Amino acid sequence: MTATRRSVSRGWAVRLATAAAMLGLAQGASAADLVISNWDGYMAPDIAETFKAATGLEVEIVNHATNEEIMGKLMASQGKGYDVVFVSSPFAEILNKQGLLAQIDKAAVPNLANLYPEAAALAYDPGTSFAVPYAWGTTGLCYRSDLVDGTPDSWMAMLKPADALKGKITMLATDRWLMGAGLLATGASVNESDPAKIDAAKDLLIEAKKTLLAYDDTTFYSKLVSGEASLVQAWDGWCNYGIAENADIKFVVPSEGSDLWVDTMVVMKNGENTANAMKFLNFVLDAENHAWAAENILYKVPNKAAMESLDPALAQQYPNMGMTPAELTGYELLRDLGDAQKLYSRAVSEIKAAN
Amino acid sequence: MVAPCLLILGYAFFERGTWGGVVYTFTLENFERVFDPLYARIFLNSARIAATVTLLAILIAYPAAYAISRAPKSRQAILLFFAVLPFWSNYLIRTYAWIVLLNREGLVNSVLRWGGYEGEPLSMLYSEGAVIVGLVYNYLPFVILAIYSSLSRLDMSLVEASRDLGAGPVRTFLRVTLPLTLPGVAAGGVFVFVLSIGNFVTPALLGGGRFQMIGNLVYDQFLTANDWPFGAALGMILIAIMIVLLTLQARATNRAAGTTREAIR
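Residues numbered from 1 in each chain as written. Chains lettered and ligands numbered in written order. Predicted model: local features only at pLDDT ≥ 70, side-chain atom pairs only at ≥ 80, totals over all residues. Heavy atoms only, no water.

Asks: In this structure, what is going on with the overall build of chain A? I would like to understand it.
Replies: Helix and strand counts for chain A come out as 15 helices and 10 strands. Taking 20 Å as the expected radius of gyration for a compact globule of 355 residues, we find that chain A reaches 20 Å, a close match to that expectation. Each of the 355 residues in chain A was classed as buried or not, and the buried ones make up 62%. When contacts within chain A are restricted to residue pairs at least 6 apart in sequence, long-range pairs at least 24 apart make up 75% of them. Of note, chain A has its 28 positive side-chain charges centred 6 Å away from the centre of its 43 negative side-chain charges. (Helix = DSSP H or I, 4+ residues; strand = E, 2+ residues; numbered from the N terminus. Rg over C-alpha atoms; globule rule 2.2 N^0.38 Å. Buried < 20%, exposed > 50% of the residue type's maximum accessible area, 1.4 Å probe, protein only. Contact = heavy atoms within 4.5 Å. Lys, Arg positive; Asp, Glu negative; His and termini not counted. Charge placed at Lys NZ, Arg CZ, Asp CG, Glu CD.)

Structure representation (C-alpha cells):
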C-alpha cells in the first residue's frame with residue numbers, strides 16, 4: 001500500500017527487479033543472528049555496524065520496495081526467514097490476523113517508554129502488543145506558494161481546480177491515498193466500506209482526472225520543484241524533500257481532514273531469532289537512533305525523547321515536522337479494509353482506465 | 001521457459017488468497033472477469049494503442065530498411081549498427097530520456113521558446129501520444145531489422161524482370177517488392193504489437209499513470225491488488241493473443257514462400 005514512499009530516487013527499476021524476485025524466489029536460510037526487511041534507505045545505513053557494536057549480533061538487512069511485495073513473501077514463507085519487518089500499520093494488522101506475529105516482549109524493550117502515549121495507544125494495536133510504530137505522518141497538499149493563489153485548504157482545490165491549476169496537479173497513484181482524497185472530499189471516511197460512498201468518490205476522481213497532469217507517487221516533489229506541477233497530493237515527509245530544494249513549497253492538510261499513516265516494526269513469530277529481534281526494536285527506539293530517521297528522512301517519529309532532541313531549526317524549515325502527536329492522531333488512522341479492499345482496487349482500475 | 005507459464009496457467013483457475021498467494025479452489029471466475037466491460041475496455045484500448053504503434057513503426061521502418069538495403073553493401077553493416085545502437089542502453093533510461101524531452105520544462109519546449117514561441121508551454125508528456133511515441137521509438141529497431149532481412153533476401157532478378165516487362169517503379173514496388181517482403185513486415189509488426197500490448201513501463205512513465213494498459217492491469221493484480229489468479233488469467237489471455245498472431249504470421253510467411261516459388265517457376 002505505502003508503495004515506494006521511501007525509495008526516493010528509485011522507481012520502476014527497483015519495482016521490476018523486486019517483482020521478478022517476489023514471483024519466484026524463496027528466501028534462503030541465513031547465517032545471521034537477525035534478518036531485517038525494510039524499505040531501502042529507511043534507517044541509518046550503518047545500523048548493522050552500530051547494532052553489532054552495541055550487542056555483538058550480526059544483522060542481515062534485506063529491502064522491499066512495497067508493502068505488497070513483502071506481504072507476498074511473508075505469506076509464502078509463513079514468515080520464516082525474517083525476524084523484524086517494517087510494514088505500514090494496516091499490513092501489520094493483517095499479519096497479526098494471520099497469526100504470523102510474535103507478541104512484543106515488553107521487558108526486553110524498555111525503550112518503549114520513549115514513545116508518545118498517543119503512539120502507544122493507536123487503535124489497531126493499543127498497548128503495542130504486536131507492532132511498534134517507527135514513523136508516522138499524514139497526507140495533504142504540497143504546493144508552490146508562488147504559483148498558487150492563496151492556501152489550497154480543501155481537497156476540492158485539487159479535485160475541482162481553478163483554471164490556472166488545470167494540468168498542473170498530480171495525485172498519488174496508490175489506491176488508499178488516491179481514494180482517500182475522493183472519500184474525504186465527499187465527506188466519507190478514509191476507511192469507507194459502503195459501496196455507494198466508494199462509488200461517489202470514484203465518480204469525483206474520474207471527473208478530476210480531466211484536470212490532472214499525472215498520477216505520481218515517486219517524483220511528485222521534483223515536478224513541483226521544476227514548476228511542471230504547481231500542486232500535488234503528497235505525504236508530509238515527501239513534501240519536505242521539495243521544501244528542501246525550494247522554500248516557496250508549502251504543505252497544508254485540507255480542512256476536510258486527512259489520514260494518519262503509521263509505519264511499524266513487527267517481529268515474525270516463525271523467525272528464528274525473536275529474542276534478538278526484541279533487542280533490535282529496543283535499539284531503534286533509543287532516542288538517538290530513532291532521531292536519525294527524523295533528521296535524515298524528514299519524517300516525524302513517534303518517539304518523544306527523539307523528537308525533543310531535534311534541533312528546533314528543523315521544525316522551522318519544515319513546519320510539518322512540528323505537528324504534535326495530538327494533531328496527528330486527530331486525523332483518521334488508516335485501517336485494514338478487509339474485503340472492501342477489492343472495491344478500492346476495482347475503483348482505482350476504473351479511474352485509471354477512464355478517459 | 002515452460003514451467004513458469006504452466007504455473008501461471010494453473011494459478012488462473014484458482015481463487016485469490018486475500019493477502020497474496022492462491023487458494024486452491026477450482027474456479028473459472030477469473031476468465032469470466034476478463035470479459036467484464038471494465039477489463040474488456042482496457043483490453044480494447046491496449047489493442048488500439050498497440051495497433052497504432054505497429055502501424056507507425058512499420059511506416060517509419062520500411063523506408064529506413066529499404067534505404068539501408070539499397071545502400072552499398074560495405075555501408076549496410078554500419079547503418080544497421082546505428083539503427084540498433086540505442087538498444088545498447090537500458091530501456092528505462094531511453095524512456096526517461098523522453099520525459100526529459102517532452103515535459104513542460106523540457107528540451108522541446110526550451111527549443112520552441114528559443115525559437116521565439118511565446119505561448120504556454122506545450123503539454124506533450126502524460127498523454128496517449130507520448131505513450132505511442134515512446135513505444136514506437138523503443139521497438140522501431142526490431143521492425144527495421146525484420147524488414148531489412150526480408151529486403152536483403154529479395155531476389156533482385158524479380159524486380160528487374162518486372163521493370164523489363166514494363167512496370168513502373170511504383171507498380172514494381174506494389175506488385176513485387178512489397179508482397180515479397182511482407183513476411184518481414186508481418187514479423188516486425190507482430191513483434192511490436194505483442195510487445196506493445198503487454199508493455200507497462202512506458203504507459204506508467206510517459207502516460208503518467210493516466211493511461212491504463214493491460215500490462216499495468218496485470219502488474220497491479222500481482223503487486224497491489226493481491227489477486228494473483230486474476231493477474232494470471234489476464235496474462236494467459238495475452239499469451240493466447242500472442243500465439244494467435246504468431247501462427248497467423250507463420251502462415252503468412254509460408255504463403256509468401258509459396259508465392260516466391262510460384263514466381264520463380
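Asks: Could you clarify how one ought to interpret the overall build of chain B in this entry?
Replies: Regarding its fold elements, chain B presents 12 helices and two strands. Secondary structure elements in chain B, listed N-terminal to C-terminal, are α-β-β-α-α-α-α-α-α-α-α-α-α-α. Each of the three principal axes of chain B carries a C-alpha extent, and together these read 70 × 60 × 30 Å. Residues classed as buried in chain B amount to 48% of the 265 residues present. Put simply, of all contacts in chain B between residues at least 6 apart along the chain, 68% involve residues at least 24 apart. Carbon and sulfur atoms make up 70% of the accessible area of chain B, which totals about 13,400 Å². Within chain B, the 14 negative side-chain charges are centred at a point lying 11 Å from the centre of the 19 positive side-chain charges. (Areas by Shrake-Rupley, 256 points an atom, 1.4 Å probe, with all protein chains shown as cover.)

Asks: Would you explain the nonpolar core in this entry?
Replies: Generally speaking, soluble globular proteins have nonpolar side chains that are buried together. One finds F86, M179 and F280 of chain A to be the most contacted residues of the largest nonpolar core, which totals 190 residues. If you look at the next biggest cluster of nonpolar residues, it comprises five residues, including L154, L158, V176 and L180 of chain B. (Core = buried A, V, L, I, M, F, W, Y, C linked by side-chain atoms within 4.5 Å.)

Asks: Is there a simple way to explain helix α4 (residues 89-97) of chain A in this structure?
Replies: The periodicity of an α-helix, 3.6 residues per turn, causes residues three or four places apart in sequence to face the same way. Residue and element names in this part refer to chain A. Here α4 lies mainly inside the structure; seven of its nine residues are buried. By the burial criterion, the buried members of α4 are S89, P90, F91, A92, E93, I94 and L95. Count one or two residues on from α4 and you reach G99, which has phi positive near 75°.

Asks: Help me understand the interface of chain B and chain A, please; the structure alone is not making it clear to me.
Replies: Interface size is often expressed as the accessible area that is lost when the parts come together. Contacts between chain B and chain A engage 32 residues on the former and 35 residues on the latter. Between chain B and chain A, a total of about 3,100 Å² is buried, with carbon and sulfur atoms accounting for 61% of that surface. Our enumeration of links across chain B and chain A arrives at one salt bridge. With a shortest N-O distance of 3.0 Å, D36 of chain B and R346 of chain A are connected by a salt bridge. For the side of chain B that touches chain A, the secondary-structure elements that each account for two or more residues are α3 (37-70), α5 (91-102), α10 (201-206) and α11 (214-223) of chain B. Considering only residue class, the side of chain B that touches chain A consists of 19 nonpolar, six polar and seven charged. (Buried area = accessible area lost by both parts, 1.4 Å probe. Salt bridge = Lys/Arg side-chain N within 4 Å of Asp/Glu carboxyl O. Nonpolar A, V, L, I, M, F, W, Y, C, P; charged D, E, K, R; others polar.)

Asks: Would you explain the state of the cysteines in this entry?
Replies: Each disulfide consists of one covalent bond between the sulfur atoms belonging to two cysteines. All names here are of chain A. The final tally for this structure, using the stated rule, is one disulfide over all chains. Across the disulfide from C142 sits C239; the S-S distance is 2.1 Å. Of note, the bridge from C142 to C239 carries an S-S torsion of about 85° and is right-handed in sense. With C142 in strand β4 (residues 131-144) and C239 in helix α9 (residues 236-245), this residue pair connects regions lying 97 residues apart in the sequence. Judged by relative accessible area, which is 0%, C142 ranks as buried. (Disulfide = S-S within 2.5 Å.)

Asks: Even after reading the chapter, I still don't get empty space enclosed by the protein, so can you show me in this structure?
Replies: A water-sized probe rolled over the atoms picks out the places where empty space is left. Residues and elements named next belong to chain A. What the rule picks out here adds up to four cavities of 30 Å³ or more. Of the pockets and cavities examined, the second largest cavity occupies roughly 50 Å³. Taken together, T139, W155, R176, W177, G180, A181, L184, V190, Q233, S258, D259 and L334 make up the lining of the second largest cavity. The leading source of residues in the lining of the second largest cavity is helix α6 (residues 175-185), at five residues. Residue composition of the lining of the second largest cavity, by class: six nonpolar, four polar and two charged. (1 Å grid on protein atoms, 1.4 Å probe; cavity = no way out; pocket = protein on both sides within 12 Å on 5 of 7 lines; lining within 4 Å. Points joined across faces, edges and corners; volume = space filled by probe spheres on them.)

Asks: I'm lost on the environment of Y96 of chain B in this one. Help?
Replies: As for its placement among the helices and strands, Y96 of chain B is situated in helix α5. Taking the C-alpha atoms as reference points, Y96 of chain B and L217 of chain B, 121 residues apart in sequence, are found 21 Å from one another.

Asks: Looking at this model, I keep getting lost on unusual backbone geometry. Mind explaining?
Replies: Even without a glycine there, the phi angle at L298 of chain A is positive, about 60°. The topology assignment puts L298 of chain A in the loop between α11 (287-297) and α12 (304-308). Even without a glycine there, the phi angle at Y126 of chain B is positive, about 60°. By the secondary structure assignment, Y126 of chain B is in the loop between α6 (107-114) and α7 (128-153). The exposure class of Y126 of chain B is buried, given its relative accessible area of 6%.

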